[in-house]
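Listed below are the residues making up each chain.
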Amino acid sequence: MDAKWTTPLLTALAPVAWGSTYYVTGAFLPPDRPLFGALMRALPVGLLLLALRPTLPSGSWWWRALLLGTLNIGAFFALIFVAAYRLPSGLAATLTATAPIAMMLVAWLLIAERPRLASLGAAVLGIAGVALLVLRAGFAVDMVGVAASLGAVVMSSFGYVLLKRWTAPVDLLTLTAWQLVAGGLLLLPVALVVEGPPPALDAPAVLGFLYIGLVATGLANYLWFRGLQRMPAASVSLIGLLNPVAGTVLGVALAHEIFGPVQAIGMLLVLAGVLLGQAPVQAALGRLLRRRERVPVR
C-alpha cells in the first residue's frame, strides 16, 4: 500500500463503522432508548480503554478532556439522537453531510487552515451525493430536529478542530479514553432522567452493544482522532461522508432496502467528493494542470 494513502484508508474505517450502526441498532438493540444506546456506546468502552491506559488528566487537561468529551461524544450523541427521532433519516443524514464545510470554516477560524477551493467543491459534490442517496419524497421539516442536527455538526466541528489544535501530553488511546468517559458521564444522568432505568438486554442486544462499543465507537473514534492529528481537517471531514454510504450499502445488503439509479448516482458523487478532497488526489490534479499550462499552444 502506498504510504500516502495509509492514513486516509485507516481513517475511512471510522465512518464505515459508524454507518454500520444504523443496521445494528435497528436489528439488535432495544427500541426507543436512544440515550441509553448512546451511553452504552461511550462509557463502557471508555472505562475499558482507561483501564488499559490508567492515566488521569492533569492541569488544564481536566477541563480540556471534559470539553472534548462533551463536544465529540456526549452532546454530539444526544443531539444526533434528537435529530434522528424528529427528522426523516434521509433529511437528518443530508444535514449532517454539511459537516465538511462547517469543519473547514472552524479550522480556518481556530488553526488558520485555509480551505482550498477544491476541498469546498468536493464538499458540495459530496452533500449533493448524500441528498440523492438518502433523501426521499414527502418528508416533513421539524425545526427542532433541524436545529439539533446542525447543532451536532457545529459542536463536533469545534471539538475535532480543538483536538488538532491542542497537543495532548498522552498517547492517542488515552486521549480517546478520556473523551469517551467524559462524554459517557455526561450522558449518564440525562439518560436516567429522560428514559428511566436501563432495559433488560437479551443476547443479541448484548452482542450488538459489544460491536457498537468496541468497534463502532472505541476503534472508530481512535482511527478518526488519529486521522485528525495527521491530515488536514478538510480531508478528514470529507472522509466522514462515507458514513451514509456504508449505511446504505448495509441496508440494501441486509435489510433489502430500495436502491435504484438515483441512489447509485448519489453514491458515485459522494465517493468522487471524498477522493477529490484528499491531498494525494489534489496534488496529482495540480501537477496535471501545471503540466498542461506548460504545453505550448500550436
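For the structure itself, consult the block above.
Residues numbered from 1 in each chain as written. Predicted model: local features only at pLDDT ≥ 70, side-chain atom pairs only at ≥ 80, totals over all residues. Heavy atoms only, no water.

## What to know about helix α11 (residues 242-255)
Inclusion rule: What counts as a helix is a DSSP run of H or I of at least four residues, what counts as a strand is a run of E of at least two, and both are numbered from the N terminus. By this rule, a helix spans an expected 1.5 Å times one less than how many residues it contains. Exposure classes here rest on a 1.4 Å probe applied to the protein chains alone. A residue is buried below 20% of its type maximum, exposed above 50%, and partly exposed in between.
With 14 residues, α11 should reach 20 Å at 1.5 Å per residue; the first-to-last C-alpha distance of 19 Å fits that figure. The set of residues buried in α11 consists of Leu-242, Asn-243, Pro-244, Val-245, Ala-246, Gly-247, Thr-248 and Gly-251. Looking one or two places after α11, you find His-256, whose phi comes out positive at around 55 degrees.

## As for the packing of aromatic side chains
Keep this limit in mind: Whether two aromatic rings pair depends on their centres lying within 6.5 Å, for rings of Phe, Tyr and Trp, where Trp uses its six-membered ring; planes under 30 degrees apart make the pair stacked, over 60 edge-to-face, and the rest tilted. We call a charge positioned over a ring when the NZ of a Lys or the CZ of an Arg lies within 6 Å of the ring centre and within 35 degrees of the ring normal.
If you walk through the whole model with that rule in mind, you get eight aromatic pairs. Centre to centre, the rings of Trp-61 and Trp-166 are 6.2 Å apart; their planes meet at 80 degrees, and the pair counts as edge-to-face. Of this pair, Trp-61 sits in helix α3 (residues 61-86) while Trp-166 sits in the loop between α7 (143-165) and α8 (172-195), and the two are 105 residues apart along the sequence. By the burial criterion, Trp-61 is buried, and Trp-166 matches it. Between Trp-63 and Trp-166, the ring centres sit 5.5 Å apart and the planes meet at 80 degrees, which makes this aromatic pair edge-to-face. Here Trp-166 lies in the loop between α7 and α8 and Trp-63 lies in helix α3, a separation of 103 residues in the sequence. Look at Trp-63 and you get partly exposed, because its relative accessible area is 46%. Note on Trp-166: relative accessible area 15%, which makes it buried. Feature note: the residues Trp-61, Trp-63, Trp-166 and Trp-178 constitute an aromatic cluster, connected by ring pairs. Lying across the ring of Trp-61, Arg-64 places its NZ or CZ 5.5 Å from the centre.

## Examining the pattern of salt bridges
Inclusion rule: Criterion for a salt bridge: a side-chain nitrogen of Lys or Arg within 4 Å of a carboxyl oxygen of Asp or Glu.
Inspection of the entire model under this criterion finds two salt bridges. Residues Glu-195 and Arg-33 are paired through a salt bridge, measuring 3.4 Å at the closest nitrogen-oxygen approach. With Glu-195 in helix α8 and Arg-33 in the loop between α1 (3-28) and α2 (34-52), the pair connects residues that are 162 residues apart, well separated along the chain. The pair formed by Glu-195 and Arg-33 is uniform in burial state, with each residue classed as buried.

## Some remarks on the nonpolar core
As a reminder, the rule being used: In this text, buried Ala, Val, Leu, Ile, Met, Phe, Trp, Tyr and Cys residues form a nonpolar core when linked through side-chain atoms within 4.5 Å. Any two residues whose heavy atoms approach within 4.5 Å at even a single point are treated as in contact.
With 64 residues, the main nonpolar core has Trp-224 and Leu-228 as its most contacted residues. Apart from residues no more than four positions distant in its own chain, Leu-228 is found in contact with Met-103, Tyr-160, Leu-163, Lys-164 and Val-236. Core analysis: the next-biggest nonpolar cluster, separate from the first, contains six residues, Ala-83, Leu-87, Leu-95 and Ala-148 among them.

## Quick notes on the packing of helix α6 (residues 117-134) against α11
To be explicit about the condition: To obtain each axis, a line is fitted to C-alpha atoms, and for helices this fit is confined to the stretch in contact; angles are then taken between N-to-C directions over 0 to 180 degrees. The cut-offs work like this: below 35 degrees is roughly parallel, past 145 is roughly antiparallel, 65 to 115 is roughly perpendicular, and the gaps in between are oblique. Note on convention: the crossing is left-handed when the near helix lies turned anticlockwise from the far helix by less than a right angle, right-handed when the turn is clockwise.
Put simply, α6 and α11 touch, their axes get as near as 10 Å, and they point 20 degrees apart. Between α6 and α11, the interaxial angle falls into the category roughly parallel. Helix-helix and strand crossings are classified by hand; for α6 and α11 the assignment is left-handed. Facing α6, whose interface residues are Val-130, Leu-133 and Val-134, α11 presents Pro-244, Val-245 and Thr-248.

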